[in-house]
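A look at the structure
Here is how the chains run, residue by residue.
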Amino acid sequence: MKNFGRICAVFLLSLGISACESPQPPATSETIPQTETDTEQQKQQRYAKDYDTVDMSDIPPRFYEIYAYDAFFTEHAERMLWANADMCYYKMYRMGFKAHPDIYAPDIPPEYEGRPIVYSLTPHFPADTFGMQKGDVILAIDGVAVKDEEYFIIQYAKSFTKPRNTVVYYSVSEQQEKTAILVGKQTCHMDIHTADDNLWHIDTGGKAVVLQPALFDFLQDDIHMTALIAHEIAHNVLVHERLRASTIQSTGLMLSHLGRVALAATLGINTYKKDETVAHSLAEIRDKQVDTVFAMDSELTADYMGLYIMARAGYDIVGVEDTWRQMAVLQSKLDTDNILHPTDSKRFVALQRSIAEIQQKLKTTPAQDILPNATHRSLQQIQAKQVKTWHPK
């Protein structure tokens, strides 16, 4: 009886989600021939065999300090956020450098100790174009001295809202103080952070992407990590977190009574009483079901948009589907249900079709001018919600 009650609850929640979102992945079993999925399954089996002997606890680090990871992530992310700024409603300005007092810099004069040291420079962004180098010392931003990390964070954050910033810094190579007037590049409004832990996933909160070094260590290849960054940027461009929250809210309203009745058999509780345990249990089942249904669809649409984000920034997208084959292997090796990436063959076939679509467009159109198909599910999802985010030029 308890199992029947849980099945009823999940079934009712599924109905609510379908009514709110009607998930329709870009590629379905009706559009993909069985021969293609069979071929893809064989590739996945080869990948799984290659990683059979990999010890997840013994993967060597790509870098030996967190700032090296953050530099890689930031430099690639900023390049893509700038190239795709027209896809975002909300924008910010970026000078193209990051700095922190903890960076090892043996060549700076004693009077500059404790000041932020540049550790990340995005190619072709204002700081790089001006001539700033890694290891230089940031002294002031817009007339305010940045004596320590706290002062730097405040002034650095303010620079995101201004198209023009004046930065005073000590050049290690020239051994003198210099003043740079930096006209920021306008990018999508999105923060990029690197977590100092050993988790195996990337977090997106709608306005930020938090990256994990452990994933980069596993993927190894630069293009695979770049593909992962583009995919997570796509989640934010398509406001998936906001859509998920609205789905949970609308589903909860629709099932406030039906869900309580269904849970009665499951929990053995009188659901007509005001019981916080019942409400909490219903919310847990609802949230998990939303993640199962909604997240799978959002992953497929982020795949599609992520490929465009990469291509428009000038990256070669050939072979990007291998990124997700490796992620499928990773998911099978980890004892966790926090990773909700689809691992069936249809996903990889859809990725290859999307790559072919983009390559065809690149034959006649410059990379920065190609646009996703307006009829694609990823864009219909946004148009239906009338959210101010993606819009073509």
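In this text the structure is predicted, and so the values were computed from the model without any measurement.

Quick word on the overall build of the chain
A tally of regular secondary structure across the chain gives 13 helices and eleven strands. Taking the contacts inside the chain whose residues are at least 6 apart along the sequence as the reference set, 71% of them involve residues at least 24 apart. Accessible area of the chain: about 19,100 Å², with a carbon and sulfur share of 52%.

Things to note about unusual backbone geometry
The residue His124 is not glycine, and still its phi comes out positive at about 70°. Given the relative accessible area of 64%, His124 is considered exposed. Even without being glycine, Asp142 reaches a positive phi, approximately 55°. Along the chain, Asp142 falls in the loop between strand 4 (137-141) and strand 5 (144-145). Exposure remark for Asp142: the relative accessible area of 27% places this residue in the partly exposed category.

Notes on the confidence of the model for the chain
Low pLDDT marks regions whose predicted coordinates should not be analysed in detail. For the chain, per-residue confidence averages 76 on the pLDDT scale, and residues scoring 70 or more make up 63% of the total. Between residues 1-30, whose pLDDT stays under 50, and residues either more than four places distant or in other chains, the model counts 57 contacts. Low pLDDT, under 50, characterises residues 385-393; the predicted model gives this stretch 30 contacts beyond four residues in sequence or across chains.

Some words on the packing of helix 3 (residues 66-83) against helix 7 (residues 222-237)
Where helix 3 meets helix 7, the closest approach of the two axes is 10 Å, and the angle between their N-to-C directions is 55°. In terms of orientation, helix 3 and helix 7 fall into the oblique class. Once helix 3 is placed against helix 7, the crossing between them reads as right-handed. Where helix 3 abuts helix 7, its residues Phe72, Phe73, His76, Ala77, Met80 and Leu81 lie against Asp222, Met225, Thr226, Ile229, Ala230 and Ile233.

Observations concerning the pattern of salt bridges
One pass over the structure, following the stated rule, counts eleven salt bridges. Here Asp86 ties to Arg312 by a salt bridge, and the two come within 2.8 Å at their closest N and O atoms. With a gap of 226 residues between them, Asp86 in the loop between helix 3 and strand 1 (91-94) and Arg312 in helix 10 (residues 276-312) connect regions that are remote in the sequence. We note that Asp86, like Arg312, is buried.

Conventions and cut-offs
- Residues numbered from 1 in each chain as written.
- Predicted model: local features only at pLDDT ≥ 70, side-chain atom pairs only at ≥ 80, totals over all residues.
- Heavy atoms only, no water.
- Helix = DSSP H or I, 4+ residues; strand = E, 2+ residues; numbered from the N terminus.
- Contact = heavy atoms within 4.5 Å.
- Areas by Shrake-Rupley, 256 points an atom, 1.4 Å probe, with all protein chains shown as cover.
- Buried < 20%, exposed > 50% of the residue type's maximum accessible area, 1.4 Å probe, protein only.
- pLDDT = per-residue confidence, 0-100.
- Axes fitted to C-alpha atoms, helices over the stretch in contact; angles between N-to-C directions.
- Parallel < 35°, antiparallel > 145°, perpendicular 65-115°, else oblique.
- Left-handed = near helix turned anticlockwise from the far one by under 90°.
- Salt bridge = Lys/Arg side-chain N within 4 Å of Asp/Glu carboxyl O.

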